[in-house]
Amino acid sequence: MRQRRPIQTSRDRARPSDEALAKRVTLPRALSKLGYCSRTQAERLILEGRVSVDGRKVADVSAWVDLTSARIRVDGTNVVAEAKIYLMLNKPRGLVTTRDDPEGRPTVYDRLTDFDVPHLSPVGRLDKASEGLLLFTNDTVFAQALLDPLTHVSKTYHVQVNRIMDSEMLAEMTYGVRHDGEVLKAISARSLRNGEKNAWIEVELDEGRNRQIRRMLEALDVECLRLVRVAIGDLALGDLPKGAVRALTDAELRELRQRAGMETTRRK
């Protein structure tokens with residue numbers, strides 16, 4: 001017996017497809033996805049009445065737009081998607097991870113003067129005393145995916161400490177230590193090499209809590225002398241000189257996108 005096709009009502013025909021819905025985002029998110037600015041900055045621009053969509057000024061931060069067809073302007077200038085840029089820096093000690101420091105300290109942007117990209121932002125942070133691998137991009141979706149706690153993209157650090165840490169202390173870092181009422185854990189912690197009075201250990205994290213490794217060591221009564229991030233996922237700092245910057249290769253970018261659970265674009 002032939003099955004009868006369901007009758008399509010006018011309400012069904014008016015309902016947008018899942019694909020169409022996926023292209024609709026809030027106006028602040030649209031400005032962010034286009035690489036124009038952060039969502040917080042976008043909300044401020046919208047509330048100041050500086051943003052228009054399809055020729056009409058929009059002052060509502062909750063307004064939805066079709067990212068593929070909407071004509072968005074800021075201060076009368078069209079907003080177009082910037083070319084995506086992905087950089088890695090071997091951050092030296094003494095630089096703060098911010099664009100403008102109110103105290104006038106040197107920042108990581110002092111190392112990016114060869115890259116004239118107005119909306120280039122760091123992916124995560126390294127504090128002033130920390131060194132090593134720091135990523136920069138104007139691809140906010142990529143950055144958010146790497147930082148999302150649900151993706152568990154690991155970060156690996158080499159840490160110099162002021163004493164020899166035995167296997168029990170290293171194991172305790174993976175079991176979890178309590179600091180200021182918070183339990184902090186590492187994926188792994190192992191010894192790299194020991195000196196007479198200090199040692200180097202390797203610590204791997206899959207979360208990015210504020211000063212996590214330093215706080216874990218402090219809870220174990222161990223002083224952190226140096227902290228160097230040497231890898232994010234499978235992306236290694238390698239032999240990039242201190243203070244130097246380079247673009248990620250296509251292979252490195254694909255690997256990070258896969259690690260973050262993002263779909264990669266197939267080559268034609």
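Residues numbered from 1 in each chain as written. Predicted model: local features only at pLDDT ≥ 70, side-chain atom pairs only at ≥ 80, totals over all residues. Heavy atoms only, no water.

Colleague: Looking at this structure, how should I read the pattern of salt bridges?
Modeller: Any two side chains of opposite charge can pair, given that their charged atoms come close. With the rule as written, the count across this model stands at 15 salt bridges. Among the salt bridges present, the one from arginine 105 reaches aspartate 101, with a minimum N-O distance of 2.9 Å. For arginine 105, a relative accessible area of 29% gives the class partly exposed. Glutamate 252 serves as the salt-bridge partner of arginine 246, at 2.8 Å between the closest nitrogen and oxygen. Within this structure, Glu182, Glu207, Arg209 and Arg215 form a network of salt bridges that share partners. (Salt bridge = Lys/Arg side-chain N within 4 Å of Asp/Glu carboxyl O. Buried < 20%, exposed > 50% of the residue type's maximum accessible area, 1.4 Å probe, protein only.)

Colleague: What am I meant to see in the side chain of glutamate 131 here?
Modeller: You can see glutamate 131 is positioned in strand β9 (residues 131-137). For glutamate 131, a relative accessible area of 2% corresponds to the buried category. Among the polar contacts listed, one links the side chain of glutamate 131 to the side chain of arginine 226, at a separation of 3.0 Å. Within polar-contact distance, the side chain of glutamate 131 engages the side chain of lysine 242 at 3.1 Å. Apart from the residues lying within four places of it in its own chain, the contact partners of glutamate 131 are Lys91, Pro92, Arg93, Leu126, Arg226, Leu227, Val228, Arg229 and Lys242. (Helix = DSSP H or I, 4+ residues; strand = E, 2+ residues; numbered from the N terminus. Polar contact = N/O pair within 3.5 Å; in protein donor to acceptor, adjacent residues only side chain to side chain. Contact = heavy atoms within 4.5 Å.)

Colleague: Looking at this structure, I do not really get the sheet that holds strand β6 (residues 77-78). What am I missing?
Modeller: Strand pairing within a sheet occurs via backbone hydrogen bonds; the two strands may be parallel or antiparallel. With antiparallel pairing, the four strands of this open sheet are ordered in space as β3-β2-β5-β6. Every other strand in the sheet has two partners, leaving β3 (56-57) and β6 as the edge strands with one partner each. (Pairing = 2+ DSSP bridges.)

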